[in-house]
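Chains, contacts and geometry: an overview
One letter stands for each residue in the lines below.
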Amino acid sequence: MTPRALPVWRSVLFVPVNVEKFVAKAAGVGADALKLDLEDSIGPSDKDSARKMAPDVARRLNEAGDEVMVRVNRPWRLLVRDLEAVVGPHVSTIVLPKADSPDLIKAVSEVIGEMELERGVPVGSTQLMLLIESAEGYLRMPEIAKADPRVVAITLGSEDFGLSLGMTADPETLYAPATQVVVAASAAGVIPWGFVGSIAEYKDIDRLRGIVQLHPPQPGADLQRGVRPDRRGGRRGTPARRRLRRGPGAGPRVGRDRRQDGRHPDRRAGEGRHPPRRCAGRAGAQPRPLNRFTPDRRTSA
């Protein structure tokens, strides 16, 4: 496979594949890509039914003119079943969680290649976005980002990464790791995608504009307003790079998620594993302002 042109993803909309009202609203909402989720937003008892629904949902959305990604599950048995269900002409990108080693990336690429060949899809056309969600993956990012030509983007899976390190996922604790994602991605020639902060805190659509949205946003919301590059070309930095320029604590808060309990599934999935802490050695430390340009909203009246 030869090096590919990198995609332009100014915003990506999460869509739980098994909730029809969200699927119906997602078509034509204006995001550059729709990310169908088979992982944390799907309960264990619903995995099989969601997987069966995924091919038809991907086809419908793609035929309506949307680019479709799919976030798959990581345990090998679930991962292979998910790939069997979704690899095909209507899915441009597989979003792989817990990308911990180059060997994993190469093995997944080989499996995808076999499926492409069987299904008449050009071999190598399916892209990979990798989620760094553990200390092991973080320390091997330079190797992981260069592991396979399918890789077009890497991003920090903030909630699971925080759980892996036993710390709270917030702009302050994630700033340094997010910077290293940008360094590793830039060295590998792929996109450092995402933002500084936790996706589980979503209260302001405007602060997340041009990065990620959770299900169809408020009626009439323009996901791309003021965002560069546009589809006509030119690059002025990925969302991750733009947010890092603003300094620690400047990561956006996500627009309102319309799930039944108002919390992002990545946060719900991590509850009960262990108590979070801000970071090692910081017990009892006074909170610092989110950035030097704005007052600390946690302590101001």
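Structure's up top.
Keep in mind that what you see is a predicted model, and the values were worked out from it rather than measured.

1. Side note on the pattern of salt bridges
For the structure on display, the rule yields 15 salt bridges. Across the salt bridge formed by Arg59 and Glu63, the nearest N and O atoms sit 3.1 Å from each other. Of this pair, Arg59 and Glu63 both sit in helix H2 (residues 47–63), separated by four residues, roughly a single helical turn. Residue classification places Arg59 among the partly exposed positions, given a relative accessible area of 30%. Among the ionic contacts, a cluster of salt bridges with common partners joins Asp37, Glu39, Arg71, Lys98, Glu133 and Asp160.

2. Some thoughts on unusual backbone geometry
Unlike most non-glycine residues, Lys98 shows phi in positive territory, near 50°. Mapped onto the fold, Lys98 is located in the loop between strand S4 (93–96) and helix H4 (102–119).

3. Considering the packing of aromatic side chains
Taken as a whole and judged by the stated rule, the model has one aromatic pair. Residues Tyr138 and Phe161 carry aromatic rings whose centres are separated by 5.5 Å and whose planes lie at 55° to one another, so their mutual orientation is tilted. Placement of the pair is Tyr138 in helix H5 (residues 135–139) and Phe161 in helix H7 (residues 158–165), with a sequence separation of 23 residues. By relative accessible area, which is 22% here, Tyr138 ends up partly exposed.

4. Points about H7
Most of H7 is tucked away, with six of its eight residues classed as buried. All buried positions along H7 are accounted for by Ser158, Glu159, Asp160, Phe161, Gly162 and Leu163. At the exit of H7 stands Gly166, carrying a positive phi of roughly 70°.

5. Re the pairing of strand S2 (residues 33–37)
With five of its five residues buried, S2 lies for the most part within the structure. Residues Ala33, Lys35 and Asp37 point to one face of S2 and Leu34 and Leu36 to the other, with burial holding for every one of them. Across five bridges, strand S1 (residues 12–16) lies against S2 in parallel orientation. Bridge pairing links Val15 to Leu36 in S2. Handedness of the crossover joining S1 and S2 through helix H1 (residues 20–26) is recorded here as right-handed. Of the strand pairs in this sheet, S2 and strand S3 (residues 68–71) are connected by four bridges, and their pairing is parallel. Bridge pairing links Asp37 to Arg71 in S3.

Cut-offs applied
- Residues numbered from 1 in each chain as written.
- Predicted model: local features only at pLDDT ≥ 70, side-chain atom pairs only at ≥ 80, totals over all residues.
- Heavy atoms only, no water.
- Salt bridge = Lys/Arg side-chain N within 4 Å of Asp/Glu carboxyl O.
- Helix = DSSP H or I, 4+ residues; strand = E, 2+ residues; numbered from the N terminus.
- Buried < 20%, exposed > 50% of the residue type's maximum accessible area, 1.4 Å probe, protein only.
- Phe/Tyr/Trp six-rings, centres within 6.5 Å; stacked < 30°, edge-to-face > 60°.
- Pairing = 2+ DSSP bridges.
- Right-handed = clockwise from strand over helix to strand, strands pointing away.

These figures come from the coordinates and say nothing about function on their own.
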